[in-house]
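Chain by chain, the residues:
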Amino acid sequence: MAFLECRGVTKRFGALEAIRNFSFALRPGEILGLIGPNGSGKTTLFNLITGLYAPDEGEILFKEKSIVHIPPHEICRLGIAKTSQITMPFGTMSVYENILVAALYGQNLGMAQAHVAAERILALVGLHEQRDEPAGKIPAPLRRRLELGRVLATGAEVLLLDEVMAGLTPAEIEQALVLLKLLSTQATIIMVEHVMQAVMGISDRILVIHHGEKIAEGTPIEVTGKPEVIEAYLGKRYT
Amino acid sequence: MLMRRPGLNGILLPLLVLGIILLLIPLLGMAGYRLRLFSLIFMWVALAGCWNLMSGSTGYIDFGPVAYFGVGSYCTALFMIKGGFPFLLSIFITGWICAALSLVIGLSTLRLQGAYFAIATFAAAEALKQVVLESDRVLDIDFFGGAHGLTLPSPPSGIFFYYVMLFFMGLVVFLTAVIQKSKLGYGLRAIKDAEQAAELTGVPALQIKIRAYILSSSLIGCIGGVEAYWLTYIIPDDVFNVMRTIQMVIMTLLGGMGTLLGPVIGATFFTLISEFFGAKFVYDYLILVGLVIVVVILLMPQGIIGTLVKKRGKSSWLF
């Protein structure tokens, strides 16, 4: 059974087709890696799924129900949350309050329950020391952690992670991978990532997107062997 | 585990004591000008507080709160004159009318952001003023009284308005404090910091912005109604005067936007210097008021409370 499914989704910006006739199905519990060169449409796809954009054609189904034209906050409550490539913390609020807001509204909890949930998530992502610091003032790697904490606190079943490892040092990537493995026990994950060893190592399946179209799909090993993929990344000469 | 909620209890007790003192003062024989001045301060604290409730907590600069002040004044006046309703009932209905009106205006304007929201709300206020001003002439009726305005029944003594204004000030401060630590308050702050991220986190942004807007607007409408009865005479140019909007904004910015005590300190300070200079330099006191404002803003760019909070290094927006 497909958990989250895109059927023939197309999104145009003027004459540009950012996503063209795109279909895929997400299985419950898996980690799906979404890779592709810059500008291939990965972030656009995420924005379509989370309701920031509406597709021009096609259907997006979550648990067999269409989520096209549902506003972002409702999609979040249905159980799909995403982190942003450019972190957008609630800058003047403390780290703890950032997670609290997500628990309050993402899970639609009351204050008392939300405090309990927020404490749990805070411990899970390991931001206890920074709990009272304004989220806008913590360093970038911690801000990525906070983004993870925030999507987790929404109680979402599907997490869309947009380059959560960008700009991290190798040591920090190791930590992030441990955290991601932990998250994958609680939710289904689609991750966009340019750090190849990370995405190849952790993903159950990989989807390669190029010029808005799916050019390959399969296990990491299958995908890296495909000439279309090598061509998209390195050019024709190398295939 | 016990949750830390900094500040709330620490600040509520002194406020409560202050409230009790203010309740008792008139009984100890304060009257005349002082009583009027205190009532005026309460009114402006309440109005600035309402503006802060909406704009301070969402970051959406509402440039048309005077719309509700004017509509509130006229509603109350009309209910009392044409309907013969008692004052408190008129105020009560006025509040609901302003709530309904702000829902309509909010639904359209709160989809806009930044300067566009400010311009739209400003335009709404001006449009409503023109409706009140021109309806009688255009429709050939005798209802709003056109530019001549309306005269209300003669009001009770100044002490009555002292207590009514004190009530509204207390209500606004209390609501602000409660909302700050409520689910609504956290949602509003999330919107202020990063609206799209808030939406993606499940915050129904439009809905809760409208809730804050309705609350703020209906209270402003009630206060407008109280002032109308207090002054007994209203004209569109006064109750819809854009200066009232600007005053709410300046008072809040002076005190510190988005803080509980900002509007309280800002409105008190502003009203006092206006009265002080107004008595001494009748014709050019506004120059001096302007000068003082410029100096304060230069020295304390976050507002009086806002700057103090920053100096004390607290992340909490609550003083």
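You'll find the structure just up there.
Student: If you had to explain the overall build of chain B to someone new, which residues and values would you point to?
Tutor: From N to C terminus, chain B includes 14 helices and two strands. C-alpha extents for chain B along the principal axes are approximately 65 × 50 × 40 Å. Nonlocal contacts in chain B, meaning residues at least 24 apart in sequence, comprise 77% of its contacts between residues at least 6 apart.

Student: Tell me about the overall build of chain A, and please be specific about residues and values.
Tutor: Of the regular secondary structure elements, chain A holds nine helices and ten strands. For 239 residues, the compact-globule estimate of 2.2 N^0.38 gives 18 Å, and the C-alpha radius of gyration of chain A, at 18 Å, lies within 12% of that figure. C-alpha extents for chain A along the principal axes are approximately 55 × 40 × 35 Å. Looking at chain A residue by residue over its 239 residues, the buried ones come to 46%. Partitioning the contacts of chain A with sequence separation of at least 6, the portion at a separation of at least 24 is 65%.

Student: Could you give an account of the sheet that holds strand β4 (residues 57-62) of chain A, with specific residues and numbers?
Tutor: Residue and element names in this part refer to chain A. Strand order in the open sheet formed by four strands is β2-β1-β4-β5, and the pairing between neighbours is antiparallel. Lying at the two open borders of the sheet, with one neighbouring strand each, are β2 (16-26) and β5 (65-66). Pairing geometry for β4 and β5, over two bridges, is antiparallel. Counted as the bridge partner of F62 is K65 from β5. Sheet strands in contact with helix α1 (residues 42-49) are β1 (4-13), β2 and β4, and its direction is about 65 degrees off that of β2.

Student: I'd like to hear about the pairing of strand β8 (residues 188-192) of chain A, residue by residue, with values.
Tutor: Residue and element names in this part refer to chain A. In terms of residue burial, β8 counts as a mostly covered element, since five of its five residues are buried. Residue alternation in β8 divides its side chains into two sets, T188, I190 and V192 and I189 and M191, and both sets are buried. Where strand β3 (residues 31-35) and β8 come together, four bridges link them in parallel fashion. Bridge pairing in β8 places L34 opposite V192. In the sheet, strand β7 (residues 158-162) pairs with β8 via five bridges, with the strands oriented parallel. In the strand pairing of β8, V158 is matched with T188. Assessed by its sense of winding, the connection that carries the chain from β7 through helix α6 (residues 170-184) to β8 is right-handed.

Student: Kindly report on the interface of chain B and chain A, identifying the contributing residues and their values.
Tutor: Each partner contributes residues to the interface: chain B has 19 residues there, and chain A has 29 residues. If you list the elements that add at least two residues to the side of chain B that touches chain A, you get α7 (183-193) and α8 (195-200) of chain B. Looking at which element gives the most residues to the side of chain B that touches chain A, the answer is α7 of chain B, with six residues.

Student: An account of unusual backbone geometry is requested, with residue identities and associated values reported.
Tutor: Residues and elements named next belong to chain A. Positive phi values are uncommon outside glycine, yet K63 reaches one of about 50 degrees. Within the secondary structure, K63 sits in the loop between β4 and β5. Look at K63 and you get partly exposed, because 15 C-beta atoms sit within 10 Å. The phi dihedral of N108 falls on the positive side, at around 55 degrees, and the residue is not glycine. Following the sequence through the fold, N108 ends up in the loop between α3 (95-106) and α4 (111-125). Given 15 C-beta atoms within a 10 Å radius, N108 is considered partly exposed.

Student: I'd like to hear about the environment of T92 of chain A, residue by residue, with values.
Tutor: Here T92 of chain A lies in the loop between β6 (80-82) and α3. Considered as a pair, T92 of chain A and I80 of chain A are twelve residues apart in the sequence and their alpha carbons are 25 Å apart. Residues contacting T92 of chain A, with those up to four places away along its chain left out, are P134 and G136 of chain A together with D193 of chain B.

Student: Before we move on, can you summarise the nonpolar core with the specific residues and values?
Tutor: A118 of chain A together with A46, L47, M165, F168, I223 and V226 of chain B are the most contacted members of the largest nonpolar core, which totals 158 residues. Take this core: its biggest share by element is 14 residues, from helix α2 (residues 32-58) of chain B.

Student: Break down the packing of helix α12 (residues 262-280) of chain B against helix α13 (residues 285-299) of chain B for me, with residues and values.
Tutor: Residues and elements named next belong to chain B. At a minimum axis separation of 8 Å, α12 and α13 run at an interaxial angle of 145 degrees. Two packed elements cross with a definite hand, and for α12 against α13 that hand is right-handed. Every residue of α13 that contacts α12 at I273, S274, F277 and G278 is listed here: Y285, L288, V289 and V292. Per-class residue counts for the contact of α12 with α13 are six nonpolar, two polar and no charged.

Student: For the sheet that holds β6 of chain A, give the residues involved together with the corresponding values.
Tutor: Consider a sheet: its strands pair through backbone hydrogen bonds, and that pairing is either parallel or antiparallel. Residues and elements named next belong to chain A. Read from one edge to the other, the open sheet built from six strands follows the order β6-β7-β8-β3-β9-β10, with strand pairing classed as mixed. Among the strands making up the open sheet, the edge pair consists of β6 and β10 (213-218). Ignoring strand direction, the axes of neighbouring strands in this sheet form an average angle of 20 degrees. As defined by bridge partners, β6 adjoins β7 across three bridges and the pair is classed as parallel. Residue pairing for β7: K82 is matched across the bridge by L160. Set on the sheet, α1 makes contact with β3, β6, β7, β8 and β9 (205-210); between it and β7 the angle comes to about 150 degrees.

Student: Tell me about the pairing of β9 of chain A, and name the residues and values.
Tutor: Residue and element names in this part refer to chain A. Pairing of β3 with β9 involves four bridges; the strand directions are parallel. Residue L34 lies in a different strand from β9, and its bridge partner there is L207. Here β9 runs beside β10; their pairing, made up of five bridges, is antiparallel. Its bridge partner being in β10, I206 is matched across the sheet by G218.

Student: Describe α13 of chain B, naming the residues involved and giving the relevant values.
Tutor: Between its first and last C-alpha, α13 of chain B extends 21 Å over 15 residues, near the 21 Å set by a 1.5 Å rise per residue. Counted residue by residue, α13 of chain B has one buried out of 15 residues, so it is predominantly exposed.

Student: Talk me through the environment of L175 of chain B; I want residue IDs and the actual numbers.
Tutor: Residues and elements named next belong to chain B. Along the chain, L175 turns up in helix α6 (residues 158-180). L175 gets classed as partly exposed once you count the C-beta atoms within 10 Å, which come to 17. Along the backbone, L175 and C50 are 125 residues apart, and their C-alpha atoms lie at a distance of 9.6 Å.

Parameters at a glance
- Residue indices begin from 1 for each chain and proceed along its sequence in written order.
- Starting at A for chains and at 1 for ligands, labels are handed out in the order in which the entities are written.
- In keeping with the predicted nature of the model, local features appear solely for residues at pLDDT of at least 70, side-chain atom pairs appear and are counted solely at 80 or more, and the whole-chain, interface and lining totals rest on all residues.
- Put simply, DSSP marks the helices as runs of H or I at least four residues long and the strands as runs of E at least two long, and each gets a number from the N terminus on.
- What counts as a contact is two residues whose backbone-derived C-beta atoms lie within 7 Å of each other.
- In this treatment the radius of gyration is a C-alpha quantity, and the globule benchmark scales as 2.2 Å times the residue count to the 0.38 power.
- The burial criterion counts other C-beta atoms lying within 10 Å of a residue's C-beta, which is placed from the backbone; the residue is buried at 20 or more, exposed at 12 or fewer, and partly exposed between these limits.
- In this description, strands pair whenever DSSP reports at least two bridges between them.
- Axis lines are fitted to C-alpha atoms, over the contacting stretch for helices. Their N-to-C directions set the angle, which ranges from 0 to 180 degrees.
- Clockwise travel from the first strand over the helix to the second, with the strands pointing away from the viewer, marks a crossover as right-handed.
- By our criterion, buried Ala, Val, Leu, Ile, Met, Phe, Trp, Tyr and Cys residues that link up through C-beta atoms within 7 Å make up a nonpolar core.
- Crossing chirality is assigned from the near helix's rotation relative to the far helix, an anticlockwise turn below a right angle marking it left-handed and a clockwise turn marking it right-handed.
- Note on residue classes: Ala, Val, Leu, Ile, Met, Phe, Trp, Tyr, Cys and Pro are nonpolar, Asp, Glu, Lys and Arg are charged, and everything else, Gly too, is polar.
- To estimate the expected span of a helix, subtract one from its residue number and multiply by 1.5 Å.

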